[in-house]
Amino acid sequence: MSAAKNMSAAFQVAAAMPGRVILLALPVAAATALALATLAIDQGLSAKAEQAARSFGQDVISIRPGARVIAGQSGTATSLSAEDVDALLERLRGYKAIEGTRREDNVPTSAGSKSGRYKLFGVRPPWADVRQFGADRGDFLDDDDVQSSARVCLLGQTPTRELFGDQDPIGQEVTINQVPFRVKGVLVTKGSSPAEGDRDARIVIPVTTFYDRLYKRVHLDQIVVQARDSEQATLAKLEGDIQSILRTERKLKEGEKNDFTIRLPSTIAEQSRGVSRNVFYLLLGLAGVCGLAAVFLIVLVYGQAVRSRRGEIGIRRAMGATPGDILIQFWAEGLVTSVIGGLVGVLLGIGGAYGLAASRGLEFGFGPLVVVAPLAIVVFASLAGLIPARSAAGLDPAEALRPQV
Amino acid sequence: MLIELTEIDKSYRDRQGQPVSVLKQLSLQVEQGAFVALSGASGCGKSTLLNILGCLDRFDGGEYRFDGENVGAWSEGQRADLRNRRIGFVFQAFHLLPFLAVEANIALPFMYNHHGQRPSHEHIESLLKSVDLEGMSQRYPGELSGGQMQRVAIARALVLGADLILADEPTGNLDSAVAQGVLDLFELLVQQGKTIVMVTHDPAISARADRQIKMEGGQIDSDNRRESVGRAK
Ligand SMILES: Nc1ncnc2c1ncn2[C@@H]1O[C@H](COP(=O)(O)OP(=O)(O)OP(=O)(O)O)[C@@H](O)[C@H]1O
Ligand SMILES: [Mg+2]
């Protein structure tokens, strides 16, 4: 009951000094908004990155030719070969499967009057398991297809839709780079990932056919190693072993750079975030600094207010206020600023996250941390208000009422 | 007897932590309805005595009975409640809250009251009328003269029906004509049965009280009662 009255006293004061409330609410709002927007965007990107890593395969290590390049593009160097695969098969320990693939982008493909350009992958049957990219309908490639360099293919969802519409493509003929192929099946749906684009816009053929009938290319475009499990330690160990085997294989001297790039699911996730994690740490740090500034300002400004309002504190005590009444009133004054700042910050933060997401094509999410961090800032700011409130409550009334010098 | 102080000792500690005696074995009795003026040299302990009477300050030795109760032994909460219901304070510096209108300033003591009803607008208006501030309830302290501010403070002291008014140099910031107006008001309150203890330096002001107490060195030096002949009771 009297708490409500003391709160209303606090509101009276706050309403009389809106400038101070705004001044102090500002850093609270800034810290809250910054923390919320940053964490929301970060969470959205992390979810996307994790999804990318998962769809790539969380137990899969990718080796590409050339030094490290930007996400989604393979190097141009022609440095991976069947010998590399053999060397790995022979000397690597702890893997489940090793698959080399060939790949060509923008391959002209047509069926009847329809045509399009798709990514073409030359693979062997185990690839379906390693990449979890098997047949949705029809059959995947088998060993006979590879043995005989058969002109058979599986279509991804995108070419299936674009070339055949509602028709069943299985058993039909498609022309890939002017060579006729029979459609054996349709691949499962994968969607798109930032690292690989539309993963359904692809066609898969036997790796031997790729070489014998389409592109006379000896080198491989990618080797994927499937680990026994998806433990971080297992993957890291494999990465180290792969690196040393390949470096020995291609006789790289100490100090020479790798002419291949090994990517773990974690690096794929990191790359597909698009925005560096460090940017987020920086922004979160900034939010923390804002929060600290807010706390210091509240302690400082309200501490000053308590000193300049000794007379008010004294007369309230004389009128019957207990130290508890004074504590509640002065704390509530700080609380008003923290809560207003927090509310404004939450609105700004949500708005900012939406705006950023919309303008940059980013995503955002609202997990527990997105709720907890701004809440923590408001709670800290609120607790900060307790410090000047306690000194107000501790004032001796006779002292407070003495004429000021 | 409303106030019974018996051999009150009060000392402050100086910067070195040494006790400095301010009130020494001070005894004082004030009956209900008295109008007491307290004077004495600066630093002799007048404000200290008033703060003890108002339960705003504790003392080191002796006994304080207010209306028969040993309030010196009461808890802080009980003393706060006593101040709220029975004691009104008036200070030289007025101590109005500048961000509240006159009416809200007068209603402030209710904020710390756990018993009664919120003072009605009519009650506050009639209080304002009695201190000659009719129609000013929506003004802010900054828009009032010193004498008007002090009369708002007096109305605030009275709003919950206090029977003891403690005034520490209430006319110290007012010119003499305005001061006489405040004294007129005090006389009226005494006639209504209120008890007033007022600190003042001004002999012309203290002359209007029924009883003049002079303090010196933390003790009562002289205590003169005016014969009640001049006053219509
Ligand atoms: N908190 C304190 N700490 C130390 N000494 C104090 C304190 N408060 C008052 N004193 C001392 O106690 C003595 C009495 O002070 P008090 O305020 O009661 O005097 P006063 O009679 O009201 O004087 P004035 O007429 O100037 O208002 C003074 O000497 C003062 O210095
Ligand atoms: Mg004094």
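Within each chain, residues carry numbers counting from 1 in the order of the written sequence. Chain letters start at A and ligand numbers start at 1, both assigned in the order the entries are written. Since the coordinates come from a predicted model, pLDDT governs what is reported: local features require at least 70, and pairs of side-chain atoms require 80 or more to be given and counted, while whole-chain, interface and lining totals use all residues. Hydrogens and water molecules were not included; the side-chain quantities draw on all heavy atoms of the structure.

K.L.:
Would you take a moment to explain the overall build of chain A for this structure?
P.N.:
Helix and strand counts for chain A come out as 15 helices and 12 strands. Throughout, the radius of gyration refers to the C-alpha atoms, and the reference size of a globule is 2.2 Å times the residue count to the power 0.38. In terms of C-alpha radius of gyration, chain A reaches 32 Å, well past the compact-globule figure of 22 Å for 405 residues. With respect to the principal axes defined by its C-alpha atoms, chain A has extents near 105 × 55 × 30 Å. Only protein chains enter the calculation, and the probe is 1.4 Å; a residue is then buried if its accessible area is under 20% of its type maximum, exposed if over 50%, and partly exposed in between. Put simply, chain A has 405 residues, and 51% of those count as buried. A run of H or I in DSSP becomes a helix once it reaches four residues, and a run of E becomes a strand once it reaches two; helices and strands are each numbered from the N terminus.

K.L.:
How do you make sense of the side chain of Glu 333 of chain A when you look at a structure like this?
P.N.:
All names here are of chain A. Within the secondary structure, Glu 333 sits in helix α12 (residues 323-360). Accessibility expressed as a relative area gives 1% for Glu 333, which makes it buried. Any two residues whose heavy atoms approach within 4.5 Å are treated as being in contact. The residues touching Glu 333, leaving out its near neighbours within four places in the chain, are Ala 10, Val 13, Arg 20, Tyr 302 and Arg 309.

K.L.:
Explanation requested: the domain arrangement of chain A in the structure shown.
P.N.:
Interfaces are often sized by the amount of accessible area the parts lose when they come together. Domain boundaries in chain A define domain 1 (2-50 + 274-401) and domain 2 (80-258). If you average the C-alpha positions of domain 1 of chain A and of domain 2 of chain A, the two centres end up 55 Å apart. Each domain's extent is set by a domain assignment, obtained either automatically or from a database.

K.L.:
Mind showing me how you'd approach the environment of Ala 111 of chain A here?
P.N.:
Residue and element names in this part refer to chain A. The residue Ala 111 is located in strand β2 (residues 95-111) in this model. Sequence separation between Ala 111 and Pro 180 is 69 residues, and the spatial gap between their C-alpha atoms is 9.5 Å. Once you skip the residues sitting within four places of it in the chain, Ala 111 turns out to touch Leu 163, Phe 164, Glu 173 and Val 174.

K.L.:
Is there a simple way to explain the interface of chain B and chain A in this structure?
P.N.:
At the interface, 22 residues of chain B touch 27 residues of chain A. Defined here as a combined quantity, buried area equals the accessible surface (1.4 Å probe) lost by two parts on assembly, summed across both. Carbon and sulfur atoms supply 67% of the area buried between chain B and chain A, which totals about 2,100 Å² over both sides. It is Phe 99, Met 111 and Tyr 112 of chain B in chain B that bury the most area against chain A; as a group they hold 33% of the surface buried on that side. A carboxyl oxygen of Asp or Glu within 4 Å of a side-chain nitrogen of Lys or Arg is what we treat as a salt bridge. Here chain B and chain A share 1 salt bridge between them. Linking Arg 317 of chain A and Glu 76 of chain B is a salt bridge whose minimum nitrogen-to-oxygen distance equals 3.6 Å. We call two N or O atoms a polar contact when they sit within 3.5 Å, provided that within protein one can donate a hydrogen and the other can accept it, with sequence-adjacent residues counted only if both atoms are side-chain atoms. Summed over the shared surface of chain B and chain A, the result is 5 residue pairs in polar contact (both at pLDDT 80 or more).

K.L.:
Would you mind showing me how to read the site of ligand 1 here?
P.N.:
We call a residue near a molecule or strand when any one of its heavy atoms sits within 4 Å of it. Not every one of the 13 residues close to ligand 1 is listed here, only the nearest: Arg 402 of chain A together with Ser 42, Lys 46, Ser 47 and Thr 48 of chain B. In this structure, ligand 1 sits where chains A and B come together, each supplying nearby residues. Ser 42 of chain B has a polar side-chain atom sitting 2.5 Å from an oxygen atom of ligand 1. Within the side chain of His 201 of chain B, a nitrogen or oxygen atom sits 3.4 Å from an oxygen atom of ligand 1. Surface exposure here means Shrake-Rupley accessible area, sampled with a 1.4 Å probe, where a residue is shielded only by the protein chains that are shown. Its free accessible area being 640 Å², ligand 1 has 68% of it covered by the protein chains. In a pocket analysis with a 2 Å cut-off to the grid points, ligand 1 is assigned to the largest pocket. It is helix α1 (residues 46-53) of chain B that contributes the most residues to the shell around ligand 1, 3 residues altogether. Gly is placed with the polar residues, together with every amino acid not listed as nonpolar (Ala, Val, Leu, Ile, Met, Phe, Trp, Tyr, Cys and Pro) or charged (Asp, Glu, Lys and Arg). Within the shell around ligand 1, the residues separate by chemical class into 3 nonpolar, 6 polar and 4 charged. Detection works on a 1 Å grid of protein atoms alone, calling trapped sets that fit a 1.4 Å probe cavities and calling open sets with protein on both sides within 12 Å along at least five of seven lines pockets, with lining residues defined by an atom within 4 Å of a point. Throughout, a molecule is located in a cavity or pocket provided that more than half of its atoms lie within 2 Å of its grid points.

K.L.:
How do you make sense of the environment of Ile 298 of chain A when you look at a structure like this?
P.N.:
Residue and element names in this part refer to chain A. With respect to the helices and strands, Ile 298 occurs in helix α10 (residues 277-308). Ile 298 sits in the buried class, given a relative accessible area of 0%. The spatial distance from the C-alpha of Ile 298 to the C-alpha of Leu 24 is 6.5 Å, given a sequence separation of 274 residues. Setting aside chain neighbours within four positions, we find Ile 298 in contact with Leu 24, Val 28, Gly 303, Thr 337, Ser 338, Ala 381, Ala 384, Gly 385 and Pro 388.

K.L.:
Where do I start with the confidence of the model for chain B in this structure?
P.N.:
When pLDDT drops low, the exact placement of atoms in the prediction is not to be read closely. Confidence of the prediction at every residue is given by pLDDT, a number between 0 and 100. Per-residue pLDDT for chain B has a mean of 93; in total, 97% of the residues score no lower than 70. In the model, residues 229-233 of chain B has pLDDT below 50 throughout and makes 5 contacts with residues more than four positions away in sequence or in other chains.

K.L.:
I keep staring at unusual backbone geometry and nothing clicks. Help me out?
P.N.:
Excluding glycine, most residues fall at negative phi; most peptide bonds, likewise, are trans. All names here are of chain B. The backbone of Cys 55 shows a phi angle near 60°, a positive value even though the residue is not glycine. Take Cys 55: it is sitting in the loop between α1 and β4 (61-66). One non-glycine residue, Phe 94, adopts positive backbone phi at about 65°. You can see Phe 94 is positioned in the loop between β6 (87-91) and α3 (102-107).

K.L.:
Whenever I open this one, empty space enclosed by the protein confuses me. Can you help?
P.N.:
In this approach the atoms are scanned with a rolling probe the size of a water molecule, which exposes any empty space left behind. Grid points are joined across faces, edges and corners, and a volume is the space filled by probe spheres set on the points. In this structure the tally under the stated criterion is 4 cavities of 30 Å³ or more. As a volume, the largest cavity reaches approximately 100 Å³. Among the secondary structure elements, those contributing two or more residues to the lining of the largest cavity are α11 (310-318) of chain A together with α2 (76-86), β6 and α5 (146-158) of chain B. At 3 residues, the largest contribution of residues to the lining of the largest cavity is made by β6 of chain B. Residue composition of the lining of the largest cavity, by class: 9 nonpolar, 2 polar and 2 charged.

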